[in-house]
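Residues per chain are reported as follows:
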Amino acid sequence: MMETKKKGLLLTITGPTASGKTALAVEIAKELQTAIISCDSRQVYREMCIGTAVPEAEFLDAVKHHFIQTTSIQEPINANDFGLSVRDKLDELFQEHNTVVMVGGSGLYIDSVLKGIDDIPSPDPNVRCEIQRKIDEGRIDELRAELFRVDPIYYNSIDIQNPRRVLRGLEVYETTGVPLSSYLGNKQNRDFASAMIVLELDRGKLYSKINQRVDHMMEQGLIKEAESVYEHRNLTSLQTVGYQELFEYFDGTINLNEAIEKIKNNTRQYARKQETWFRRYDEAFRISALEKSRIMKLIKEICWK
RNA sequence: GGUGCCAUAGCUCAGUAGGUAGAGCACAGGACUGAAAAUCCUGGUGUCCUUGGUUCGAUCCCGAGUGGCACCA
């Protein structure tokens, strides 16, 4: 069989939040003299910096980073937009580099870049609002029945308990007149090679790093940052750990200590969900986040291939 | 010192007309192709404070002890 010519290698570094991805990626990118693509659904927003743990200035200065603070919370992006933009950017970067480093913990965004995503027309936002209204009114059964009628294939493929999935199927059908399932299976495979490293850290260590990091964010002025975006609290991009809890504090429903504890709890849960997601990447190299020299050795082996 | 109330899951608490227990949170596992730091599903946590008594049987009733809280001195 003829192997299609690959443009270059995308080396993805992932792992749960606070596992040390950022610093490691910078070190690797320096070693390989290449650029970094951030794969983080929240660091793309300019208005959120402290709470999303955007890399420190010294890191950003040392290596060219892409997709960090490039858009506004008022112009939200989604997994599809992200995947397409990254692929465009990679075309450009592979002209100059054999290897590019991608680092981040947003699983769906990683998939969008590596596996691609089917081309589905963007639904009408008003349609979404209308369907959401019905969900809020408790009419989910009605919506499920409707979805079953218009798109039984999709209906049978999703978690029908999850209103988001039901909504998704209906919003596509209602705006395009065509079932969502008919758009599936035509995605564009990537034209570059891929290798992935998943950083691992035992729960105890991970949780204490998370706690420390939250305390550090508070010292850096997370409250002030949250205040500055409070008026936009309903935007999708602000459905984010570290902000929603402080908004509750601003509202007076909880006190500051409770808010901080909640941020820590929710960050822990986020880390756990990330780990669940990463277990699906069975082609990935899994390695302890603490063994830096082993990681660097592994990188060299991967890149020599 | 006296009186009253309380003691049940890691935490906050519910409960059993006496048949060894349950919610929320925490914790753990899972799903996930355009909101993904989102959304959804699943799971169990236990000397029911100690000790004597009543009873076929006590976490529950009675006595004593210990600890906590409140009030009175």
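Residues numbered from 1 in each chain as written. Chains lettered and ligands numbered in written order. Predicted model: local features only at pLDDT ≥ 70, side-chain atom pairs only at ≥ 80, totals over all residues. Heavy atoms only, no water.

### Thoughts on the packing of aromatic side chains
For the coordinates displayed, the defined rule picks out nine aromatic pairs. Taking 5.5 Å as the distance between ring centres and 65 degrees as the angle between the ring planes, the aromatic pair formed by Phe67 and Phe82 counts as edge-to-face. Of this pair, Phe67 sits in the loop between β3 (65-66) and α3 (79-93) while Phe82 sits in helix α3, and the two are 15 residues apart along the sequence. The exposure class of Phe67 is buried, given its relative accessible area of 13%. Taking relative accessible area as the criterion, Phe82 reaches 1% and is therefore assigned buried. Judged by centre distance (4.8 Å) and plane angle (70 degrees), the rings of Phe148 and Tyr155 are edge-to-face. The exposure class of Tyr155 is partly exposed, given its relative accessible area of 22%. Chaining the aromatic ring pairs together yields one cluster made of Tyr230, Phe247, Tyr249 and Phe250. Arg268 extends its terminal NZ or CZ atom over the ring of Tyr207, reaching a point 5.7 Å from the ring centre. One residue, Arg280, lies across the ring of Trp277, its end atom 3.9 Å from the ring centre. (Phe/Tyr/Trp six-rings, centres within 6.5 Å; stacked < 30°, edge-to-face > 60°. Helix = DSSP H or I, 4+ residues; strand = E, 2+ residues; numbered from the N terminus. Buried < 20%, exposed > 50% of the residue type's maximum accessible area, 1.4 Å probe, protein only. Lys NZ or Arg CZ within 6 Å of the ring centre and 35° of its normal.)

### Remarks on the sheet that holds β3
Pairing is parallel in the open sheet, where six strands are placed in the order β3-β2-β4-β1-β5-β6. Pairing within the sheet leaves two strands with one partner each, and these edge strands are β3 and β6 (285-288). Helix-sheet contacts for helix α1 (residues 21-32) involve β1 (9-14), β2 (36-38), β3, β4 (99-103) and β5 (193-200), and the interaxial angle to β4 is about 175 degrees. (Pairing = 2+ DSSP bridges. Contact = heavy atoms within 4.5 Å. Axes fitted to C-alpha atoms, helices over the stretch in contact; angles between N-to-C directions.)

### Thoughts on the protein's contact with RNA strand B
As a matter of local geometry, RNA strand B sits amid 44 residues, with Ser41, Arg128, Asn162, Arg164 and Arg279 nearest to it. What you see for RNA strand B is that sugar and phosphate hold 56% of its atoms within 4 Å of the protein. Contacts to RNA strand B include Arg42, whose side-chain N or O atom sits 2.6 Å from a phosphate oxygen. With eight residues, the single largest contributor to the surface near RNA strand B is helix α12 (residues 256-278). Considering only residue class, the surface near RNA strand B consists of twelve nonpolar, 16 polar and 16 charged. (Near = heavy atom within 4 Å. Polar contact = N/O pair within 3.5 Å; in protein donor to acceptor, adjacent residues only side chain to side chain. Nonpolar A, V, L, I, M, F, W, Y, C, P; charged D, E, K, R; others polar.)

### Quick word on the confidence of the model for chain A
The share of residues in chain A with pLDDT of 70 or more is 98%, and the mean pLDDT across the chain is 94. Scored by ipTM, the complex comes to 0.91, with pTM at 0.91. (pLDDT = per-residue confidence, 0-100.)

### Considering helix α6 (residues 140-150)
Listed as buried for α6 are Ile140, Leu143, Arg144, Leu147 and Val150. Along the axis of α6, the buried residues cluster in a sector spanning 135 degrees; they form a single face. Among the exposed residues of α6, those oriented more than 90 degrees off its buried face are Asp141 and Arg149. Buried residues along α6 sit in contact with α5 (125-136), α7 (152-157) and α8 (163-176). (Arc of directions from axis to C-beta.)

### Observations concerning the nonpolar core
Ranked by size, the top nonpolar core spans 71 residues in total, and within it Leu10, Ile13, Leu90 and Val113 carry the most contacts. Considering each element in turn, this core owes the most residues, six residues, to helix α13 (residues 292-304). Non-local contacts of Ile13, meaning those with residues more than four positions away in its chain, are made with Lys21, Leu24, Ile28, Val101, Met102, Val103, Gly104, Ile197, Leu199 and Ile299. Ranked by size, the runner-up nonpolar core spans 16 residues in total, among them Val127, Ile135, Ile140 and Val166. (Core = buried A, V, L, I, M, F, W, Y, C linked by side-chain atoms within 4.5 Å.)

### Comments concerning the environment of Asn162
Tracing the backbone shows Asn162 in the loop between α7 and α8. For Asn162, a relative accessible area of 22% translates into the label partly exposed.

### Quick notes on the side chain of Gln43
Checked against the element boundaries, Gln43 lands in the loop between β2 and α2 (57-62). Residues in contact with Gln43, not counting those within four places in the same chain, are Ser38, Thr52, Ala53, Val54, Pro55, Phe67, Ile68 and Gln69.

### Comments concerning the packing of helix α9 (residues 203-220) against α12
Running from N to C, α9 and α12 point in directions that differ by 135 degrees, and their axes come no closer than 10 Å. On the basis of the axis angle, α9 is oblique to α12. In terms of crossing hand, the pair formed by α9 and α12 is right-handed. Taken together, the residues of α12 that come into contact with α9 (itself represented by Arg203, Leu206, Tyr207, Ile210, Asn211, Val214, Asp215 and Met218) are Leu256, Ile260, Ile263, Lys264, Thr267, Arg268, Ala271, Arg272 and Glu275. Its residues assigned to classes, the contact of α9 with α12 shows nine nonpolar, two polar and six charged. (Parallel < 35°, antiparallel > 145°, perpendicular 65-115°, else oblique. Left-handed = near helix turned anticlockwise from the far one by under 90°.)

### Some points on unusual backbone geometry
For Gln33, which is not glycine, the phi torsion reads 50 degrees and is therefore positive. Looking at where Gln33 falls in the secondary structure, it is placed in the loop between α1 and β2. At Gln69, a position not held by glycine, the phi torsion is positive, near 50 degrees. Along the polypeptide, Gln69 turns up in the loop between β3 and α3.

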